[in-house]
Amino acid sequence: MKIITGPPVAGDNYFFRKKLAEEAWNLIESGCHILITAPRRVGKTSFMYYLKDHPKKGYCFIYLNTESVNNENEFFRRLVNKIVTTEHIGNSQKIVTFIKKNIPSIKRVGPDGIEFTKPDEKNFKEMLVKILQSIQSDNIKLIVMLDEFPQTLINIIEDEGESQGKHFLRSNREIRQDIESSKNVQFIYAGSIGLENIVSRLNAVATINDLARLIIPPLIINEVNDFIDFLLKNTKFTLSHKLKNYILKKIEWLIPFYIQLVISELNNIYRDEDLNEISVDIIDRAFVDMLEQRNHFEHWHTRLRTSFKGKEYSFIKEVLNTVSDNNIIKTNEINDLAVKYDLVEFYRDLLKTLTYDGYLNNNDNPKIYRFNSPILKMWWKNYVAN
Ligand SMILES: Nc1ncnc2c1ncn2[C@@H]1O[C@H](COP(=O)(O)OP(=O)(O)OP(=O)(O)O)[C@@H](O)[C@H]1O
Ligand SMILES: [Mg+2]
């Protein structure tokens, strides 16, 4: 296994999260369609990879990232192709026979996808429904995992307008409600942007209210100690209980990504400087070095910069600047900023986005917001606010 700081992890690089897996399987086995809700970088994609690689008997998982898709038919086309080229489905004679019989425009289903008799425009949503119905003919439960689904929705809204965005959400719901297909097919949606916030801004909450929520929390203290030991298998140094606690106190928001970053940075210093052991000073330096690598954190800022324009962006930036300077921001100060930027009606949605995406929380006191992690706070203060 390796220390990995950025891309999703898989195989023996994945640290097994037992409680999370149990919760997911409870929802899956009770037949739910699921929305994974977790802030950025918490490990959503890695967890979906884990599910795909460790199906329980009788289950087949499909993973599809639709980040670049910007229209509904293209979304369903990608999904149809993914399903029929999945080994388990493509190899099932029963399913292939059913597909060919019920969708006459399909000439052949091969490892590269579908070949059509007529290459004209297709309604891939209808085709998907038939294909999902075909799964009934075999004794397999199909779980379709759609990553970056909210980004697809945003793309559709930007390119084709809000009504097409709502249409897209309704189409997905219709497919889920299709009783024939939902017996053997379930959907899991995820993304680094909160779906609920976008849908609520569209006034379309009803289109996703059938989804069960699966929350991916930060690691709990027992898990985190095991996780550090798991990563230390890659290093030539060890860490005493005291040093581990020192690191955890500094990180505060114990998501696997931050732990990976710190251990990776410690490993670099230890190796480059030929050290014999790690000390508190070295840990402090590792944190400084870690923050200097802009690419680890830049996406937090980019996301806000691309999603919010004009006064909304200015409001968000000033809120985060204030918290990074003063450690906290009180709700009355937030109100004042909303008045300043003429956002009294909308600022609660913006605040929800900052909470959902993992920038801020008000867990200790509903009237006081702070950064989830001192790491992000320090980064924001050094590289965005100043
Ligand atoms: N179970 C895990 N074991 C080891 N490392 C993990 C695990 N989960 C997450 N990570 C760490 O977090 C990083 C981000 O993981 P991942 O891409 O799965 O998160 P994400 O929630 O999908 O992020 P995004 O919101 O940006 O899509 C990985 O590069 C890795 O450092
Ligand atoms: Mg992801």
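Residues numbered from 1 in each chain as written. Chains lettered and ligands numbered in written order. Predicted model: local features only at pLDDT ≥ 70, side-chain atom pairs only at ≥ 80, totals over all residues.

### Some thoughts on the site of ligand 1
Then, in step 1: Lining the immediate environment of ligand 1, one finds 21 residues, of which F15, G43, T45, S46 and S192 sit closest.
Then, in step 2: In the shell around ligand 1, the residues fall into ten nonpolar, seven polar and four charged.
Then, in step 3: A domain-level breakdown of the shell around ligand 1 finds at least three residues from each of domain 1 (18-215) and domain 2 (221-296). (Near = placed C-beta within 6 Å. Nonpolar A, V, L, I, M, F, W, Y, C, P; charged D, E, K, R; others polar. Domains from an automatic or database assignment.)

### Focus: the pairing of strand β10 (residues 368-371)
Then, in step 1: Bridging between strand β8 (residues 329-330) and β10 involves two bridges; their strand directions are antiparallel. When the bridges of β10 are listed, K330 appears paired with I368.
Then, in step 2: Bridge analysis of strand β9 (residues 360-361) against β10 gives two bridges, and the strand direction is antiparallel. Bridge pairing in β10 links L360 to F371.
Then, in step 3: Between the antiparallel neighbours β9 and β10 lie six residues. (Pairing = 2+ DSSP bridges. Helix = DSSP H or I, 4+ residues; strand = E, 2+ residues; numbered from the N terminus.)

### Considerations on the packing of helix α16 (residues 310-326) against helix α19 (residues 374-385)
Then, in step 1: Following both chains from N to C, one finds α16 and α19 inclined at 120°, their axes separated by 9 Å at the closest point. Between α16 and α19, the angle is such that the two are oblique. Remark: the crossing between α16 and α19 carries left-handed chirality. Seen from α16, the contacting residues are L320, N321, V323, S324 and D325; seen from α19, they are K377, W380, K381 and A385.
Then, in step 2: Per-class residue counts for the contact of α16 with α19 are four nonpolar, two polar and three charged. (Axes fitted to C-alpha atoms, helices over the stretch in contact; angles between N-to-C directions. Parallel < 35°, antiparallel > 145°, perpendicular 65-115°, else oblique. Left-handed = near helix turned anticlockwise from the far one by under 90°. Contact = placed C-beta atoms within 7 Å.)

### Some remarks on the domain arrangement of the chain
Then, in step 1: As far as domains go, the chain holds domain 1 (18-215), domain 2 (221-296) and domain 3 (298-385).
Then, in step 2: Its C-alpha centre places domain 1 at a distance of 38 Å from the equivalent point of domain 2.

### A closer look at the sheet that holds β9
Then, in step 1: Taken in spatial order, the three strands of this open sheet run β8-β10-β9, and their pairing is antiparallel. Unpaired on one side and paired on the other, β8 and β9 mark the two borders of the sheet.

### Focus: the sheet that holds strand β2 (residues 59-65)
In a beta sheet, neighbouring strands are held together by backbone hydrogen bonds and run either parallel or antiparallel to one another.
Then, in step 1: Taking strand neighbours across the sheet as the criterion, the five strands line up as β2-β5-β6-β1-β7 in an open arrangement whose pairing is parallel. Because the sheet does not close on itself, it has two edges, and the strands there are β2 and β7 (212-215). Adjacent strand axes in the sheet meet at a mean angle of 20° when their direction is disregarded.
Then, in step 2: As judged from the seven bridges shared by β2 and strand β5 (residues 141-147), these two strands associate in the parallel manner. Across the sheet, residue I62 finds its bridge partner in β5, namely V144.
Then, in step 3: Together, β1 (34-37), β5, β6 (185-189) and β7 form the strand contacts of helix α1 (residues 18-29), whose direction differs from that of β7 by roughly 170°.

### Digging into helix α18 (residues 347-356)
Helical periodicity: at 3.6 residues per turn, an α-helix aligns residues three or four positions apart in one direction.
Then, in step 1: Within the sequence span of α18, burial applies to Y347, L350, L351, T353 and L354. Relative to the axis of α18, the buried residues are bounded by an arc of 155° and lie together on one face.
Then, in step 2: Where α18 is buried, its residues touch α10 (195-201), α16, α17 (331-340) and β9.
Then, in step 3: G358 sits one or two residues past α18 and shows a positive phi near 90°. (Buried ≥ 20, exposed ≤ 12 C-beta atoms within 10 Å, placed from the backbone. Arc of directions from axis to C-beta.)

### What to know about the environment of Q260
Then, in step 1: Take Q260: it is sitting in helix α13 (residues 256-272).
Then, in step 2: Q260 gets classed as buried once you count the C-beta atoms within 10 Å, which come to 21.
Then, in step 3: Residues Q260 and I3 lie 257 residues apart in sequence; the distance between their C-alpha atoms is 6.4 Å.
Then, in step 4: For Q260, the residues in contact, after removing those within four places along its chain, are I3, I4, T5 and L231.

### So, unusual backbone geometry
Then, in step 1: Notably, E252 is not glycine yet its phi reads approximately 65°, a positive angle.
Then, in step 2: Tracing the backbone through its elements, the reader meets E252 in the loop between α12 (241-251) and α13.
Then, in step 3: Phi at D274 takes a positive value of approximately 50°, unusual for a residue other than glycine.
Then, in step 4: Looking at the element boundaries, D274 is found in the loop between α13 and α14 (280-292).
Then, in step 5: Taking the number of C-beta atoms within 10 Å as the measure of exposure, D274 has 6 and is therefore exposed.

### What about the environment of D364?
Then, in step 1: As for its position among the elements, D364 is in the loop between β9 and β10.
Then, in step 2: Under the C-beta neighbour-count criterion, D364 is labelled exposed, with 10 such atoms within 10 Å.
Then, in step 3: D364 sits 335 residues away from E29 along the chain, and the two C-alpha atoms are 35 Å apart.

### With respect to the pairing of strand β4 (residues 113-116)
Then, in step 1: One ladder, built from four bridges, connects strand β3 (residues 106-110) with β4; its direction is antiparallel. Bridge pairing links V109 to I114 in β4.
Then, in step 2: Counting the residues that bridge the hairpin from β3 to β4 gives two residues.

### Section: α13
Then, in step 1: Over its 17 residues, α13 runs 24 Å from end to end, which matches the ideal 24 Å to within 8%, given 1.5 Å per residue.
Then, in step 2: All buried positions along α13 are accounted for by P256, F257, Y258, I259, Q260, L261, V262, I263, S264, E265 and L266. (Expected span 1.5 Å × (residues − 1).)

### Some details on the nonpolar core
Then, in step 1: Of all hydrophobic cores here, the largest spans 98 residues; its most connected members are V80, L128, I131, M145, Y189, V262 and L376.
Then, in step 2: By residue number, the principal contributor to this core is α13, which donates seven residues.
Then, in step 3: Those residues in contact with L376 that lie beyond four places of it in its chain are F297, W300, Y359 and F371. (Core = buried A, V, L, I, M, F, W, Y, C linked by C-beta atoms within 7 Å.)

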